[in-house]
Amino acid sequence: MTEDEQKQAAAAKAVDYIEDGMVLGLGTGSCAAKMVDLLGKKVAHGLYVTGVPTSEATAAQARALGIPIVGLDEVSVIDLTIDGTDEVDPEGRLIKGGGGAHLREKIVASLSDRMIVIAEAKKKVPQLGAFKLPVEVIRFAAPALKPKLDALGGAPTLRLGKDGAPFVTDEGNYIYDCAFGKIDDPEGLALTLSTMPGVVEHGLFIGFADLILIGTNDGVEVIEV
Ligand code: 5RP
């Protein structure tokens, strides 16, 4: 199976968990986009759901597919969020934010009764940290935060867009991609980053995932967290 087929298989399995009437958190990224495509087909065949998109890109995709979407002013509880990941470890801890949407993704996940994570096989890792940890910062604080993240061992690189200018998130912030290497204490690092003034959100998702669906060459691996 190609990576794309693995993503497709995980996305297809995830939509089996969607029930009529649900309020759904719609993730961001290529794997989540496959799930949204499949959801769009179900909606076209009469399924009724309300989507809460985690990015402008996902909102645009959902609108194009006719999936009703709302903001957080219209819902207080989300039944289920389905989202991709950049890494997942054996304890279900994640690194997210490769697509730059981890701020809204974490807010939506935090409001969700359940989170299903979907990914291709290579995202399952024994230890987090090979993927650079995205840290979203307010622009004003970016120059001051660079040496602080460096001092933590993060070797931060300001994320750039395709045009070579700094990448700006949907919330108008910058992202430092931090090469911490293997992260021995994800909880400790998460706490440290969360308490740094100017850091808006980091890509460590700890205690969010309830079910992980990994597309593999032998089918979809289902991991209950
Ligand atoms: C976006 C994310 C994505 O879920 C993550 O980057 C995985 O994306 P993909 O499915 O394209 O590999 O966290 O902020």
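Residues numbered from 1 in each chain as written. Predicted model: local features only at pLDDT ≥ 70, side-chain atom pairs only at ≥ 80, totals over all residues. Heavy atoms only, no water.

Considerations on the site of the ligand
Rules: The cutoff for a nearby residue is simple: one of its non-hydrogen atoms must lie within 4 Å of the molecule or strand. Whenever a nitrogen or oxygen atom comes within 3.5 Å of another N or O atom, the pair is scored as a polar contact, on the condition that within protein one atom can donate a hydrogen and the other can accept it, and that pairs from neighbouring residues in sequence are kept only if both atoms are in side chains. Only the protein chains shown count as cover for residues, and the accessible areas themselves come from Shrake-Rupley with a 1.4 Å probe. Numbering of helices and strands runs from the N terminus; a helix is a DSSP stretch of H or I covering at least four residues, while a strand is a stretch of E covering at least two. Side-chain classes follow a simple rule in which Ala, Val, Leu, Ile, Met, Phe, Trp, Tyr, Cys and Pro form the nonpolar group, Asp, Glu, Lys and Arg form the charged group, and the remainder, Gly included, forms the polar group.
The immediate surroundings of the ligand are formed by 18 residues, with S30, D86, K96, G97 and K123 found nearest. Here an oxygen atom of the ligand sits 2.7 Å away from a polar atom, N or O, in the side chain of K123. About the coverage of the ligand: the protein hides 91% of its 380 Å² of free accessible area. Counting residues per element, the ones that place at least two in the shell around the ligand are α2 (30-44) and α4 (102-110). Considering only residue class, the shell around the ligand consists of two nonpolar, 10 polar and six charged.

Things to note about the domain arrangement of the chain
Selection criterion: Note: domain ranges come from an automatic or database domain assignment. Note on definitions: a residue-residue contact is assigned when non-hydrogen atoms from the two residues lie within 4.5 Å. Joining two parts hides part of their accessible area as seen by a 1.4 Å probe, and the buried area is that hidden amount summed over both. A pairing counts as a salt bridge when a side-chain nitrogen of Lys or Arg comes within 4 Å of a carboxyl oxygen of Asp or Glu.
The domain boundaries assigned to the chain delineate domain 1 (3-125 + 206-220) and domain 2 (133-196). Listed as interface residues are 13 residues of domain 1 and, on the opposing side, 15 residues of domain 2. Carbon and sulfur atoms supply 56% of the area buried between domain 1 and domain 2, which totals about 1,000 Å² over both sides. Our count for the contact surface shared by domain 1 and domain 2 stands at three salt bridges. The partner of E187 in a salt bridge is R93, and the shortest N-O contact between them spans 3.1 Å. Scanning the region where domain 1 abuts domain 2 turns up six residue pairs in polar contact (both at pLDDT 80 or more).

A few points about the packing of aromatic side chains
The cut-off we apply is this: Ring pairs shown here join Phe, Tyr and Trp side chains whose ring centres sit within 6.5 Å, with only the six-membered ring taken for Trp; geometry is labelled stacked below 30 degrees between planes, edge-to-face above 60, and tilted in between. Remark: exposure states derive from per-residue accessible area (1.4 Å probe, protein chains only) relative to the maximum for the residue type, with buried under 20%, exposed over 50%, and partly exposed in between. Any Lys NZ or Arg CZ found within 6 Å of a ring centre and within 35 degrees of that ring's normal is scored as a charge over the ring.
Within the structure shown, the criterion is met by one aromatic pair. Relative to F208, the ring of F205 lies with its centre 5.4 Å away and its plane at 55°, an arrangement referred to as tilted. With respect to burial, F205 and F208 carry one shared label: buried. Sitting over the face of the ring of F205, K96 holds its NZ or CZ atom 5.6 Å from the ring centroid.

Overview of the sheet that holds strand β13 (residues 219-224)
The test is simple: A pair of strands is treated as paired once DSSP finds two or more bridges between them. Between the N-to-C directions of two axes lies an angle of 0 to 180 degrees, each axis being a line fitted to C-alpha atoms and, for a helix, fitted only over the stretch in contact.
On the basis of which strands lie adjacent, the open sheet formed by six strands has the order β2-β1-β3-β6-β12-β13 and mixed pairing. Both outer strands of the open sheet, β2 (50-53) and β13, are each paired with one neighbouring strand and no more. On average, each strand axis in the sheet is tilted by 20° relative to the strand beside it, whichever way the strands run. Two elements, strand β12 (residues 211-216) and β13, share six bridges in a ladder whose sense is antiparallel. Within the sheet, the bridge partner assigned to T216 lies in β13 and is G219.

Thoughts on the nonpolar core
The following threshold applies: The term nonpolar core refers to a set of buried residues drawn from Ala, Val, Leu, Ile, Met, Phe, Trp, Tyr and Cys, joined through side-chain atoms within 4.5 Å.
Counting residues in each nonpolar core, the largest one holds 24 residues, and the members touching the most others are I18, L39 and I118. Secondary structure elements with two or more residues in this core: α1 (3-15), β1 (23-26), α2, β3 (78-83), β6 (112-120) and β12. Look past the residues within four positions of L39 in its chain and what remains in contact with it is V15, I18, L24, L26, L47, V49 and I67. Counting residues in hydrophobic clusters, the runner-up holds 21 residues, among them Y174, F180, A190 and V199.

Topic: the pairing of β2
Side chains of β2 alternate between two faces, with T50 and V52 and G51 and P53 buried alike. Bridge count between β1 and β2: four bridges; the pairing is parallel. The residue bridging G25 from the neighbouring strand is V52, located in β2.

Thoughts on the sheet that holds strand β8 (residues 157-158)
Read across the open sheet, the four strands follow the order β8-β9-β7-β10; overall the sheet is antiparallel. Two strands in the sheet have a free side with no partner beyond their single neighbour: β8 and β10 (199-202). In this structure, strand β7 (residues 133-137) lies alongside β10, joined through three bridges in antiparallel fashion. Following the sheet pairing, V135 is matched in β10 by H202.

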